[in-house]
Amino acid sequence: MSYYTQKTMDRFLNPKHFGEMKDANGIGKVGNPRCGDQMTVYIKVEGEKIKEASFQTLGCAAAIATSDVICEMAIGKNTKEALAITEKEMIKKLEELPAVKVHCSSLAIEGLKKAIDDYQKRK
Amino acid sequence: MSKEKVYFDYAATTPTERDVIEKATPFLGERFGNPSSLHSFGQESLFALDKARKSVADFLGAMEREIIFTPSATQANNIAILGVLKECKSSHVITTSIEHKAVLEPLKKSGVNVTHLPAYKEGVVRVEDVRESLKDNTQLVSIGYANSEIGTIQPIQEIGEMIREENKKRREKIIFHTDAVQAVNYFPCKVNDLGVDLLTLSGHKIYGPKGAGALYIKEKNKVFPIFYGATQERGFCPGTENIFAIAGLGFAIEMLSKNNSEKTRRLRDKIIDVLLEEVPGSKLNGSREKRLPNNINVTFKGVEGESLMIALDREGIAVSTGSACASGSLAPSYVLLALGLAHEEAHGSLRISLGRFTTEKEVDYLLEKLPPIINRLRKISGK
């Protein structure tokens, strides 16, 4: 009897990848124009491979959970693979998201993309 | 205190009073007659309907024939507004920017010229603003008695008095409507004292069942039916009545006078004081003084309301929020924005509403659980 799946709740209550990353070499800041959520994605890339990823998110439970998912999925991938992560793959990790919350996963994808862009520019 | 279910969302709906359930339940069972039927089955239901009507009329200081029952307060507001405006499309209406959608939307649909009065930072409209907005063709003023989100109370009696004076000069009288859904629990609602021509109330906000509202329509007022097909409720609400819910509303309203709001007010003040003191970056939305005894609406900087609500729910605590993330439309509360709050402030708002069954222990549990959740979410947001 709950709005979110257990997997979403676990991510929301115990996210593993939150926090500022001081030595990040790519940072992506995004805001959701619809609901006002704000998200920052930090990545540390070494030899095109994302070694570390973390987030800071001011947003709903779904925004926090999807932020955690995108970081987890990005770690270990090279930048090209990371850019190919889809909403569908992310939502699969949570089993499902309420329809009105699907846009949260696109925000996370956009955040990661911006962080990778930032890394490419810094190179 | 171990984890349990604690309800702090009385503004959304109230638990049905046990005594009300007991008295109304026969109308779901053996007393099933249609009140329009002339046989004994029907007459039994008609008797219950009349009795509920008398209870509401007594509470409002009105005549029984001035009360109609509706399936909800939203529908009552529609009947009131669209019914007044039906025969006249070129008129002017005054309402507020913080009104419930059940008032704003029918007004929008009616196509008349509408003035939305400001509620200022405190969430309270000014009588002089109402007076200054009156036009020669003002036909209706609709202002809610108490706001459901921020709990602020409007000067209904003063506005009613001013309109009464103004009406002495007019051939076409201004009709004054108030949505009193949130107010009836705590404030006197004698219609003559308030000076209102139309008043809306709801059963499920006063410990009655869901499925019944009531509309007071002062005699001799020009209100036209907007629904057709039968004659129930003087033709204003045609269709077979929900006797269970209506009887329940009647029993619930009878119990209101016995309700003492002092305890609720004290617990509300305790929550406000503790939160504002213990949680940095918190502020109360809406006037502290002109406020329902059961409403707390606070903004916490650096957190988002939906996540706060969901985390509290996990601890068994039910509250509500004006955050965009919790609304189907993904728009933040227009009521909070009307008070001048920034989008981000509305984003971090939480409504805690108390009621008849709220205990000190529950309040202490909330005050124990809430601050650490805010801290945790602030760590995640980095703000």
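Some details on the overall build of chain A
Then comes step 1: Across its full length, chain A carries 5 helices and 3 strands.
Then comes step 2: Put simply, chain A runs from its N terminus to its C terminus through helices and strands in the order α-β-β-β-α-α-α-α.
Then comes step 3: The C-alpha radius of gyration of chain A comes to 13 Å, within 12% of the 14 Å expected for a compact globule of 123 residues.
Then comes step 4: Taking the principal axes of its C-alpha atoms as reference, chain A extends roughly 50 × 25 × 25 Å.

As for the interface of chain B and chain A
Interfaces are often described in size by the accessible area the parts lose on coming together.
Then comes step 1: The interface is formed by 23 residues belonging to chain B together with 25 residues belonging to chain A.
Then comes step 2: For the pairing of chain B and chain A, the buried interface totals around 2000 Å² over both sides, and the portion due to carbon and sulfur atoms is 63%.
Then comes step 3: When the buried area of chain B at its contact with chain A is split by residue, R314, L330 and I380 of chain B rank highest and sum to 34% of it.
Then comes step 4: Remark: the boundary between chain B and chain A carries 1 salt bridge.
Then comes step 5: When the shortest N-O distance is used, the salt bridge between E306 of chain B and K101 of chain A registers 3.2 Å.
Then comes step 6: Linking chain B with chain A are 13 residue pairs in polar contact (both at pLDDT 80 or more), by the criterion used here.
Then comes step 7: Counting only elements with at least two residues in the side of chain B that touches chain A, the list comes to α10 (305-314), α12 (343-347) and α13 (360-381) of chain B.
Then comes step 8: Looking at the side of chain B that touches chain A residue by residue, the classes come out as 8 nonpolar, 8 polar and 7 charged.

Considerations on the layout of surface pockets
Residues and elements named next belong to chain B.
Then comes step 1: Roughly 590 Å³ of volume is contained in the second largest pocket.
Then comes step 2: The wall of the second largest pocket is formed by 30 residues, among which E172, K173, I174, I175 and N221 lie closest to the centre.
Then comes step 3: A total of 4 residues in the lining of the second largest pocket trace back to one element, the largest contributor, which is helix α6 (residues 156-168).
Then comes step 4: Among the residues making up the lining of the second largest pocket, the classes are represented as 9 nonpolar, 9 polar and 12 charged.

A look at the packing of aromatic side chains
Then comes step 1: A complete count under the given rule lists 6 aromatic pairs over all chains for this structure.
Then comes step 2: Between the aromatic rings of Y3 of chain A and Y4 of chain A, the centroid separation amounts to 4.8 Å while the plane-to-plane angle is 70°, which identifies the pairing as edge-to-face.
Then comes step 3: Look at Y145 of chain B and F187 of chain B: their rings are 5.9 Å apart centre to centre, the planes differ by 25°, and that puts the pair in the stacked class. Placement of the pair is Y145 of chain B in the loop between β5 (138-142) and α6 and F187 of chain B in the loop between β6 (175-179) and α7 (191-194), with a sequence separation of 42 residues. As far as burial versus exposure is concerned, Y145 of chain B and F187 of chain B are alike and both buried.
Then comes step 4: Connected via pairs of aromatic rings, a cluster forms that spans Y7, Y10, Y207 and F357 of chain B.

Some details on helix α4 (residues 101-110) of chain B
An α-helical turn contains 3.6 residues, so any two residues separated by three or four positions project in the same direction.
Residue and element names in this part refer to chain B.
Then comes step 1: By the burial criterion, the buried members of α4 are A102, V103, L104, P106, L107 and S110.
Then comes step 2: Residues of α4 that are buried sit in contact with α3 (73-85), β3 (92-96), β4 (113-117), β5, β6 and α11 (334-338).
Then comes step 3: Positive backbone phi, at 80°, marks G111, one or two positions downstream of α4.

Here we look at the domain arrangement of chain B
Residue and element names in this part refer to chain B.
Then comes step 1: The domain architecture assigned to chain B consists of domain 1 (6-15 + 260-381) and domain 2 (31-256).
Then comes step 2: A straight line from the C-alpha centre of domain 1 to that of domain 2 covers 28 Å.
Then comes step 3: On the side of domain 2, 31 residues touch domain 1, which itself brings 29 residues to the contact.
Then comes step 4: Here domain 1 and domain 2 share an interface that buries about 2400 Å² over both sides, 53% of which is from carbon and sulfur atoms.
Then comes step 5: Per-residue buried area on domain 1 facing domain 2 is highest for L292, Y334 and R356; these three make up 27% of the total on that side.
Then comes step 6: Linking domain 1 to domain 2 there are 0 salt bridges.
Then comes step 7: Counting residues per element, the ones that place at least two in the side of domain 1 that touches domain 2 are β10 (295-300) and α11.
Then comes step 8: For the side of domain 1 that touches domain 2, a count of residues per class yields 13 nonpolar, 12 polar and 4 charged.

What about the side chain of K101 of chain A?
Then comes step 1: Among the secondary structure elements, K101 of chain A is positioned in the loop between α4 (87-93) and α5 (102-122).
Then comes step 2: Here E306 of chain B takes part through its side chain, which lies 3.2 Å from a polar atom of the side chain of K101 of chain A.
Then comes step 3: Residue contacts for K101 of chain A: discarding those within four places in its chain leaves Y3, Y4, C60 and A62 of chain A together with E306 and C325 of chain B.

Things to note about the sheet that holds β10 of chain B
Residue and element names in this part refer to chain B.
Then comes step 1: One open sheet holds the 3 strands; their spatial order is β9-β10-β12, and the pairing between them is antiparallel. Of all strands in the sheet, those with a lone pairing partner are β9 (282-284) and β12 (349-353), marking the two edges. Pairwise comparison of adjacent strand axes, ignoring direction, gives a mean angle of 25° for this sheet.
Then comes step 2: Summarising the sheet, β9 and β10 pair through 3 bridges and their orientation is antiparallel. Note on β10: the bridge partner recorded for S282 is F300.
Then comes step 3: Where helix α9 (residues 262-278) meets the sheet, its contacts fall on β9, β10 and β12, and the angle it forms with β10 comes to roughly 10°.

Cut-off values and rules
- One numbering rule holds for all chains: residues counted from 1, following each sequence as written.
- Working convention: letters from A go to chains and numbers from 1 go to ligands, in the order in which they are written.
- Side-chain atom pairs in this predicted model are given and counted only at pLDDT of 80 or more, local residue features only at pLDDT of at least 70, and totals for whole chains, interfaces and linings cover all residues.
- Excluding hydrogens and water, the side-chain values take into account all heavy atoms of the structure.
- Every helix listed is a DSSP run of H or I at least four residues long, and every strand listed is a run of E at least two residues long, numbered separately from the N terminus.
- A radius of gyration in this sense is built from C-alpha atoms; the matching globule rule multiplies 2.2 Å by the number of residues raised to 0.38.
- Working rule for contacts: check all heavy atoms of both residues, and any pair within 4.5 Å makes them a contact.
- Summed over both partners, the accessible area (1.4 Å probe) lost when two parts come together is defined as the buried area.
- One side-chain nitrogen of Lys or Arg within 4 Å of one carboxyl oxygen of Asp or Glu is enough to make a salt bridge.
- Whenever two N or O atoms come within 3.5 Å, that pair is a polar contact, provided that in protein one can donate a hydrogen and the other can accept it, and provided that, for residues adjacent in sequence, both atoms are side-chain atoms.
- Put simply, Ala, Val, Leu, Ile, Met, Phe, Trp, Tyr, Cys and Pro go in the nonpolar bin, Asp, Glu, Lys and Arg in the charged bin, and everything else, Gly too, in the polar bin.
- Both cavities and pockets are sets of points on a 1 Å grid over the protein atoms alone; in a cavity a 1.4 Å probe fits but cannot get out, in a pocket the set is open with protein on both sides within 12 Å along at least five of seven lines, and lining residues sit with an atom within 4 Å of a point.
- Grid points are joined across faces, edges and corners, and a volume is the space filled by probe spheres set on the points.
- Two rings from Phe, Tyr or Trp (for Trp, the six-membered ring) form a pair when their centres sit within 6.5 Å of each other. Planes less than 30 degrees apart are called stacked, planes more than 60 degrees apart edge-to-face, and all others tilted.
- Accessibility here uses a 1.4 Å probe with only protein chains present; expressed as a share of the type maximum, an area under 20% marks a residue as buried, one over 50% as exposed, and anything in between as partly exposed.
- An automatic or database domain assignment provides the domain bounds reported here.
- A pair of strands is considered paired only if DSSP assigns at least 2 bridges between the two.
- In this analysis an axis means a line fitted to C-alpha atoms, helices contributing only their contacting stretch, and an angle means the value between N-to-C directions, from 0 to 180 degrees.

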